[in-house]
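Letter by letter, the chains look like this.
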Amino acid sequence: MRALVIDDSRTMRRIVSGTLHPLGFETHEAEHGRAALDLLEGGLDVELACIDWNMPVMDGLAFVVAVRANPAWRHITLMMVTTESEHGQIVRALAAGAHEYLIKPFTPEAVRDKLDLLGLLPIGEHA
Amino acid sequence: MTRLRAGARETDLTAVVEALTTNETSWFRDTSPFTALRSPVVPALLDARGASAHLRVWSAACSTGQEPYSIAMTLADALPPTATFDVLATDLSEQVLARARAGRYSQLEVNRGMPAPMLVRHLVRAGAEWEVVPHLRSRVTFRAHNLLDAPPPGGPFDVVFLRNVLIYFDLPTKRAILHRVRQVLRPDGALLLGAAETTIGIDDDWARVSVGAGSLYRPLDAGSVTAGIPAPRSAAPWTAPTPAVPVVPPSVLTRGAPR
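Everything numeric in this text was worked out from a predicted model, so none of it was measured.

Reading the values: rules and limits
- Residues numbered from 1 in each chain as written.
- Chains lettered and ligands numbered in written order.
- Predicted model: local features only at pLDDT ≥ 70, side-chain atom pairs only at ≥ 80, totals over all residues.
- Helix = DSSP H or I, 4+ residues; strand = E, 2+ residues; numbered from the N terminus.
- Rg over C-alpha atoms; globule rule 2.2 N^0.38 Å.
- Buried ≥ 20, exposed ≤ 12 C-beta atoms within 10 Å, placed from the backbone.
- Contact = placed C-beta atoms within 7 Å.
- Nonpolar A, V, L, I, M, F, W, Y, C, P; charged D, E, K, R; others polar.
- Core = buried A, V, L, I, M, F, W, Y, C linked by C-beta atoms within 7 Å.
- Arc of directions from axis to C-beta.
- Pairing = 2+ DSSP bridges.
- pLDDT = per-residue confidence, 0-100.
- Expected span 1.5 Å × (residues − 1).

Enquirer: Any chance you could explain the overall build of chain A here in plain terms?
Expert: The helix and strand tally for chain A stands at 5 helices and 5 strands. Along chain A, from the amino end to the carboxyl end, the secondary structure elements read β-α-β-α-β-α-β-α-β-α. Against the globule reference of 14 Å for 127 residues, chain A gives a C-alpha radius of gyration of 13 Å, in line with a compact fold. Counting only C-alpha atoms and orienting by the principal axes, one finds that chain A spans roughly 35 × 35 × 25 Å. Every one of the 127 residues in chain A was classed for burial, and the buried ones make up 40%. Long-range contacts, defined here as pairs at least 24 residues apart, represent 57% of the contacts in chain A between residues at least 6 apart.

Enquirer: What am I meant to see in the interface of chain B and chain A here?
Expert: By convention, interface size is frequently given as the accessible area that disappears when the constituent parts associate. Counting from both sides, the interface comprises 17 residues of chain B and, opposite them, 18 residues of chain A. Broken down by secondary-structure element, the contributors of at least two residues to the side of chain B that touches chain A are helix 6 (107–111), helix 7 (116–122) and strand 4 (123–126) of chain B. Top element by residues in the side of chain B that touches chain A is helix 7 of chain B. It accounts for 4 residues. Looking at the side of chain B that touches chain A residue by residue, the class counts come to 8 nonpolar, 5 polar and 4 charged.

Enquirer: Would you explain the nonpolar core in this entry?
Expert: Within soluble globular proteins, side chains that are nonpolar generally end up buried alongside one another. Grouped together as the largest cluster of nonpolar side chains are 96 residues, with contacts concentrated most on Ala49, Cys50 and Ile51 of chain A together with Val160 and Leu191 of chain B. Per-element accounting of this core gives the leading share, 6 residues, to helix 3 (residues 32–49) of chain B. Discounting residues that sit within four places of it in the chain, Cys50 of chain A has contacts with Ala3, Val5, Ile6, Val16, Met79 and Val81 of chain A.

Enquirer: Just to check I follow, could you spell out helix 2 (residues 33–41) of chain A for this structure?
Expert: Every α-helix carries 3.6 residues per turn, so stepping three or four residues along brings you back to the same face. Residues and elements named next belong to chain A. All of the buried residues in helix 2 are Gly33, Ala36 and Leu40. Summarising the axial view, the buried residues of helix 2 lie within an arc of 60°, below the 170-degree limit, and thus occupy one face. The outward face of helix 2, more than 90 degrees from its buried face, is lined by the exposed residues Asp38 and Glu41. On its buried face, helix 2 sits against strand 1 (2–6), strand 2 (26–30), strand 3 (48–51) and helix 3 (60–68).

Enquirer: Any chance you could explain the sheet that holds strand 3 (residues 104–105) of chain B here in plain terms?
Expert: Pairing between the strands of a sheet is mediated by backbone hydrogen bonds and can be parallel or antiparallel. All names here are of chain B. Read across the sheet, 3 strands follow the order 3-5-4 without closing on themselves; strand pairing throughout is antiparallel. Every interior strand has two partners, whereas the edge strands, strand 3 and strand 4, have only one. Judged from the 4 bridges that link them, strand 4 and strand 5 (residues 129–132) form a sheet pairing that is antiparallel. The residue bridging Val124 from the neighbouring strand is Glu131, located in strand 5.

Enquirer: Got a minute to help me understand the confidence of the model for chain B in this structure?
Expert: The predicted structure's coordinates, where accompanied by low pLDDT, should not be read in detail. Residues and elements named next belong to chain B. Summing up the model confidence of chain B, the mean pLDDT is 82 and the portion of residues at 70 or higher is 75%. Long-range and interchain partners of residues 222–236, a stretch whose pLDDT sits below 50, account for 26 contacts in this model, where long-range means more than four residues apart. Among the scores for the predicted complex, ipTM is 0.88 and pTM is 0.78.

Enquirer: Could you clarify how one ought to interpret the environment of Ala195 of chain B in this entry?
Expert: Residue and element names in this part refer to chain B. Within the secondary structure, Ala195 is located in the loop between strand 8 (185–193) and strand 9 (206–211). By the C-beta count within 10 Å, which is 17 here, Ala195 ends up partly exposed. Sequence separation between Ala195 and Arg163 is 32 residues; the distance between their C-alpha atoms is 7.8 Å. Every residue in contact with Ala195, bar those within four places of it in the chain, is listed here: Asp30 and Gly214.

Enquirer: Hey, could you run me through the environment of Thr84 of chain B in this one?
Expert: With respect to the secondary-structure elements, Thr84 of chain B resides in strand 2 (residues 84–91). Put simply, Thr84 of chain B and His54 of chain B are 30 residues apart on the chain and 4.7 Å apart in space, counted from C-alpha to C-alpha.

Enquirer: Even after reading the chapter, I still don't get helix 9 (residues 171–184) of chain B, so can you show me in this structure?
Expert: All names here are of chain B. Taking 1.5 Å per residue, 14 residues should reach 20 Å; helix 9 reaches 21 Å between its end C-alpha atoms and fits that length. Listed as buried for helix 9 are Lys174, Arg175, Ile177, Leu178, Val181, Arg182 and Val184. For helix 9, the elements touching its buried residues are strand 7 (157–162), strand 8 and strand 10 (214–219).

Enquirer: So what exactly am I meant to see when it comes to unusual backbone geometry here?
Expert: Most of the time, phi is negative for any residue but glycine, and the peptide bond is trans. Cis rather than trans, the peptide bond between Lys104 of chain A and Pro105 of chain A has omega equal to -5°. Residue Pro40 of chain B follows Ser39 of chain B across a cis peptide bond; omega there is 20°. Following the sequence through the fold, Pro40 of chain B ends up in helix 3. A positive phi is found at Ser63 of chain B, a non-glycine position, where the angle reads about 55°. Within the secondary structure layout, Ser63 of chain B lies in the loop between strand 1 (54–60) and helix 4 (66–78). A positive phi is found at Asn164 of chain B, a non-glycine position, where the angle reads about 55°. Its location among the elements puts Asn164 of chain B in the loop between strand 7 and helix 9.

As structure tokens, then:
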């Protein structure tokens, strides 16, 4: 499976990608929402996008809205991965079309739990 | 353990238990028991009891409360407004029960297996932590209980969650615990075990029913003594119950066990 990791911090992209690789994901990275949309418009097909909220150029919420507006991308599972932890922010992201919401800091097990809930773990990797 | 069973002082016992017990837990741990609760368990119970049923669930070995609160969240979402429920949550450890009663969890804890839509519906921020909403907390009663003792009051139950705890006991003890659970589970009720656990080869009085990736267990009619309620002879509510057929020779599973 393929995942797109969107975060303006290279370190954080590396951490998120590093938790996905052992779970069978090939990862692609983008430093903001616009760069991620460019990859998708360029033909990159992914099953999962892990999305930071606060980024320059295009933030994570705007990216979620843009992906949900295009029926061709309906199959992409969207998971926010962010330090934004207010109740209202989570509600906003879900209302915009995010499927899951993981709050930083997180453990690799928490990523696994979320992917299990989303049905994105390969056989034999269930928690 | 011999000394504990022989009746060591309560404080000793509590201290040893706190040290020995692993309280590693996450919200919808394994996911499949909660999926099974949502369907087929709840719809079948509503069919049998009517839309204004009151369902009772026992969460045994509930640790810091994630399991009973996950059960309460599932029922709150799955039941019609006319139906009601309560959850009895028991654990050996007073320390974890105190945490469970508070219903407060750190950010790291709510990250573990809690679906975001459930989080925003059933928990609110409390400073740096999250707190289960009072309405849901009021549906769960916590009580200290040892699975080696008689079943707790509050039954009979429609559903019993007994997950990842049988593994700590020897075979005769597992069998005795399952017998006691049968005493307080309604004849059309459901038992949910941990993903790596089964009644097969331990206690033949259960039928395994496959549900998605997991299983649930229902008491077989034969010899059923369920808190004075006679076992129904009518069709069981579950579809296609599978007889408890061991997947490996029983001799392997029950070696050394009294028959």
